[in-house]
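In case you want the letters, here they are:
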Amino acid sequence: MNTRTPTARRSAPRAAAITAEAGRPDRRQAILLAAEKLFAQHGYHAVTIRQIAEEAGVPLALVGYYFGPKHELFHAIFEHWSYTIQERLTRLAEVNNDPDDACTLPRIIEAFTTPVLALRASAEGEYYALLVARELYHATEEADRVLRGYFDPLAAAYIDALHVALPHATRGQVAWGYQFALGALLHHLNDSRIERLSRGENKRADPAVAPMLVNFIVGGLRAALPKPKTPRTQQKTPTRRQKT
């Protein structure tokens, strides 16, 4: 005699189907990529778990099976791409931070921007770069968790490096400079209006303008945080020896 309840009899095949789907190694990656794309296009709060499952082509329950609630899926995207932050830190560590070398500041900014621009131009990283540019500066609990866990340490390292390169400025002033530089970078990643404003001459997120972006940021930092002018030493007029 079958003593299972109707609910239990219905859930058993469903659980078996989920287990079978979960055994496919590409399912987890498909969910992650689908969430990344939809969050980048529409924003975190506008996207449902059902929409992510449909985009990934998986059963709805499989999203929760792999990632749990939506905010954990959001966090998992940044964990997946955390190696790109390490790449930027590695590039920064390779810079010979000599404040007397005019090339130091451009090299720091190149280390800061180049990996991100390359990611934005790649098929694999396009939606992640857009997600970073779009979502992380909304005042949400999910974004704040990601900022504190992944991007605040990156920012602190670059602010420290810029402070060494610009020793005449306070760290607070350098932190403002970092934020302005970040704003220019994120706007470049996310903006499409440039195509209209340039009457079709420019294309959005064009990686070819990376040197121009670096020069813009470096020029802005140097203009905003100029070295103090060294006063000219007054030359003393030699006195004539008195004749004896």
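Below, the structure is looked at part by part. Numbers given to residues run from 1 along each chain, matching the order in which its sequence is written. Local features in this predicted model are restricted to residues of pLDDT 70 or higher, and side-chain atom pairs are both shown and tallied only at a pLDDT of 80 or more, whereas totals for entire chains, interfaces and linings draw on every residue. Just so you know, side-chain values use all the structure's heavy atoms and leave hydrogens and water out.

**A few points about the environment of Asp191**
The helix and strand labels rest on DSSP assignments: H or I over at least four residues marks a helix, E over at least two residues marks a strand, and numbering proceeds from the N terminus. As for its position among the elements, Asp191 is in the loop between α10 (171–190) and α11 (193–197). Here Asp191 falls in the buried class, since its relative accessible area comes to 17%. Taking the C-alpha atoms as reference points, Asp191 and Ala133, separated by 58 residues in sequence, lie 9.4 Å from one another. Excluding residues that lie within four positions of it along the chain, Asp191 makes contacts with Arg204 and Ala205. Polar contacts involving the side chain of Asp191 include one to the main-chain amide nitrogen of Ile194, which spans 3.1 Å. Partly exposed describes any residue whose relative accessible area lies between the buried limit of under 20% and the exposed limit of over 50%, with all areas from a 1.4 Å probe on protein chains only and scaled to the type maximum. Only heavy atoms enter the contact rule, under which two residues are in contact if any of them lie within 4.5 Å. Whenever a nitrogen or oxygen atom comes within 3.5 Å of another N or O atom, the pair is scored as a polar contact, on the condition that within protein one atom can donate a hydrogen and the other can accept it, and that pairs from neighbouring residues in sequence are kept only if both atoms are in side chains.

**Focus: unusual backbone geometry**
For Arg199, which is not glycine, the phi dihedral falls at a positive 55 degrees. As for its placement among the helices and strands, Arg199 is situated in the loop between α11 and α12 (210–224). In this structure, Ala205 is a non-glycine residue whose phi angle is positive, near 50 degrees. On the secondary structure map, Ala205 appears in the loop between α11 and α12. Note on Ala205: relative accessible area 8%, which makes it buried.

**Quick notes on helix α3 (residues 49–56)**
The complete set of buried residues in α3 reads Ile52, Ala53 and Ala56. All buried residues of α3 project into a common sector of 100 degrees when viewed along the axis, lining one side. The exposed set on the far side of α3, more than 90 degrees from its buried face, consists of Arg50 and Glu54. Packed against the buried residues of α3 are α2 (26–42), α4 (60–67) and α5 (70–80). Remark: Gly57 follows α3 within two positions and exhibits a positive phi of approximately 70 degrees. The arc under discussion is defined with respect to the helix axis, by the directions toward the C-beta atoms.

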